[in-house]
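Close look at the chain arrangement
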Amino acid sequence: MLILFQIILSLYAMSVYNSYWRELFHTELLDLKLIELEASKTETDRANASLEAAIKEAAIANSAKSQFLVNISHEIRTPMNAIIGMSHLALQTNLDDIQSNYINKIHLSAENLLGVLNDILDFSKIESGNLEMEHIDFRLEDLIDNVSNILRLKSEEKEVQFDVTIEQNIPTALVGDSLRLGQVLLNLCNNAVNFTGSGGSVTLGAELVDRESGLVTLHFSVKDTGIGLNPEQQKTLFQPFKKADTSSNREYGGTGLGLSICKQLIELMEGDIWIESELDKGSTFHFTVRLKEQQGEPSLRRSEQGIDNSGQNTAIERLKGAKLLLVEDNLFNMEIVREVLVSNGLVVEEATNGKEAVELISSSGEDFDGVLMDCQMPVMDGYMATRKIREMDKYLDLPILALTANVMQEDRKKALDAGMNDLIGKPFNINELFSTMAKWITPANRPGKTRPE
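Once that is clear, we can look at the pattern of salt bridges. Across all of its chains, the model carries 17 salt bridges by this definition. Here Glu141 makes a salt bridge to Arg139, at a shortest N to O gap of 3.1 Å. Taken individually, Glu141 and Arg139 each receive the classification buried, so the pair is uniform in this respect. As a salt-bridge pair, Glu350 and Arg338 come within 2.6 Å of each other at their nearest N and O atoms. A residue pair is termed long-range when its members are at least 10 positions apart, and Glu350 in strand E9 (residues 347–351) and Arg338 in helix H9 (residues 331–342) qualify at 12 residues. On the basis of relative accessible area, Glu350 is assigned to the partly exposed category, the value being 33%.

Where helix H10 (residues 354–363) meets helix H11 (residues 382–390), the closest approach of the two axes is 8 Å, and the angle between their N-to-C directions is 20 degrees. Taken together, the axes of H10 and H11 are roughly parallel relative to one another. In this structure, H10 crosses over H11, and the sense of that crossing is right-handed. Contacts from Gly354, Val358 and Ile361 in H10 reach Ala385, Lys388 and Ile389 in H11. Split into classes, the residues belonging to the contact of H10 with H11 amount to 4 nonpolar, 1 polar and 1 charged.

Next up on the list: the packing of helix H3 (residues 140–158) against helix H4 (residues 178–194). For the pair H3 and H4, the least separation of the axes is 10 Å and the interaxial angle reads 20 degrees. For the element pair H3 / H4, the angle class is roughly parallel. In the packing of H3 onto H4, the handedness of the crossing is right-handed. Contacts from Leu143, Val147, Ile150, Leu151, Lys154, Ser155 and Lys158 of H3 reach H4 at Ser178, Leu181, Gly182, Leu185, Leu186, Cys189, Asn190, Val193 and Asn194. Tallied by class, residues from the contact of H3 with H4 come to 9 nonpolar, 5 polar and 2 charged.

As a further point, take the side chain of Asp177. Take Asp177: it is sitting in the loop between strand E3 (173–176) and H4. For the buried residue Asp177, which engages in no salt bridge, the nearest side chain bearing the opposite charge is Arg180, 4.5 Å off. A polar atom in the side chain of Asp177 sits 3.1 Å from the backbone nitrogen of Arg180. Apart from residues no more than four positions distant in its own chain, Asp177 is found in contact with Glu132, Met133 and Glu134.

So, about the sheet that holds E9. Sheets are built from strands that pair by backbone hydrogen bonding, the pairs being arranged parallel or antiparallel. If you walk across this open sheet you meet the 5 strands as E9-E8-E10-E11-E12, and the pairing is parallel. The open sheet is flanked by E9 and strand E12 (422–425), the only strands paired with a single partner. On average, adjacent strands in this sheet sit at an angle of 25 degrees to one another, irrespective of strand direction. By the bridge criterion, 4 bridges tie strand E11 (residues 400–404) to E12 in an arrangement that is parallel. Opposite Leu401, over in E12, you have Asp422 as the bridge partner. Packed on one face of the sheet, H9 meets strand E8 (323–327), E9, strand E10 (370–373) and E11 and runs near 165 degrees to E9. Taken strand by strand, helix H13 (residues 430–440) contacts E8, E10, E11 and E12, and its axis lies near 170 degrees from that of E12.

With respect to the helices, strands and loops of the structure, Asn191 is situated in helix H4. Residue Asn191 is classed as partly exposed on the basis of its relative accessible area, which comes to 24%. In this structure, the C-alpha to C-alpha distance between Asn191 and Gly226, residues 35 residues apart in sequence, is 9.9 Å.

With that settled, consider the pairing of E9. Where E8 lies against E9, 5 bridges are found, and the strand directions are parallel. Opposite Lys323, over in E9, you have Val347 as the bridge partner. In terms of handedness, the path from E8 via H9 over to E9 forms a crossover that is right-handed.

Another point: unusual backbone geometry. Geometrically, the link from Lys426 to Pro427 is a cis peptide bond, its omega value of -5 degrees lying close to zero. Residue placement: Pro427 occurs in the loop between E12 and H13. Even without glycine at this site, Glu159 takes up a positive phi of about 60 degrees. Mapped onto the elements, Glu159 comes out in the loop between H3 and strand E2 (161–166). Using a relative accessible area of 54% as the deciding quantity, one classes Glu159 as exposed. Even without a glycine there, the phi angle at Asp280 is positive, about 70 degrees. With respect to the helices, strands and loops of the structure, Asp280 is situated in the loop between strand E6 (273–278) and strand E7 (282–293). Judged by its relative accessible area of 64%, Asp280 is exposed.

What counts, and where the lines are drawn
- Residues numbered from 1 in each chain as written.
- Predicted model: local features only at pLDDT ≥ 70, side-chain atom pairs only at ≥ 80, totals over all residues.
- Heavy atoms only, no water.
- Salt bridge = Lys/Arg side-chain N within 4 Å of Asp/Glu carboxyl O.
- Buried < 20%, exposed > 50% of the residue type's maximum accessible area, 1.4 Å probe, protein only.
- Helix = DSSP H or I, 4+ residues; strand = E, 2+ residues; numbered from the N terminus.
- Axes fitted to C-alpha atoms, helices over the stretch in contact; angles between N-to-C directions.
- Parallel < 35°, antiparallel > 145°, perpendicular 65-115°, else oblique.
- Left-handed = near helix turned anticlockwise from the far one by under 90°.
- Contact = heavy atoms within 4.5 Å.
- Nonpolar A, V, L, I, M, F, W, Y, C, P; charged D, E, K, R; others polar.
- Lys, Arg positive; Asp, Glu negative; His and termini not counted.
- Polar contact = N/O pair within 3.5 Å; in protein donor to acceptor, adjacent residues only side chain to side chain.
- Pairing = 2+ DSSP bridges.
- Right-handed = clockwise from strand over helix to strand, strands pointing away.

Below, the structure is given as structure tokens:
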């Protein structure tokens, strides 16, 4: 009996002992779990903090990159405007054949360098997500005429036939980014002419694929009889910094960015691009884009606005006699613009910064028909000067055009927000300069235009 009692007592003692340890172990386990959870929470907080810091750093880096692009673009374009402009003016003078040859090559080389700069800037903007597509009214005929006019001279020099075929039922009063669409067409057509030998041909085609609910899908093709590509070359054709044949860098030039940029621009226009090619037999580049149709009264063609296909001669005639204020702090650029304008029958007064411009306009006994305004200037920049001019009731509708090396999309917006009517980029194209001026500026004896909505 005693033994049995001892056994029961021992079992009870063990039960209590085990219960104690179980409870103790359970408590310790809970404590460990709490510690683990706290550690996990701390680790998560640290990870979130690291992520937030990385995001902030990336945003700062992206902003710095964007600002660098703006600055480097301005710094390169300003002297390039002088090179292109001065060489253009020199080519208008009496030169012997050797001098003309040298200066013409300087001019062409500067324009090629500008093309490389534009490619690099476009690629950087696309890569950083800073490229915004415009949605403006345009006429497809004008866009294709512009591409044809640019390419025809080059194709004639190479003795390459250049043709355009547009399907009859294709809608031409459209809404979209005509500048970017023109950039794609010009790039593909320019490449086709480059890679096609004397006696060959290049054909630009356009046709309607689909039309529904105010939206149209268009198919463009650029066909050449040039050197063609083998299947391996075609695989990397649309990759950045890739060329079908690295040896073509020397013969044909280029950064290898053009087709990559075209592909990304086309994708931003909800389209696709592809190629059909055979070595030594030529290539055909195809691409589609999706655009809106204009609603209501379609926009006028350039010819209906009094600007012919080349634009320049008619625009100059409309501008003759106009009195302009040229605001520019770079003396080389001022000389170029003044010579171009004065030699074509316009009257020009000058100011070297925004403060001078405001004082001249406010105190001048004569009215100006328009202002060409640089944006980055000492003392007072073009944006502030424009705002101060707009504060004068008399000059609310005075045409003020930015003539600037700041050509990013945000620069255009900044210029318009300041009260400018339009923007002309440096280095400026003579045709674009006069065509844009003619859109806004008229001599004093004709009614002026106000900024459109």
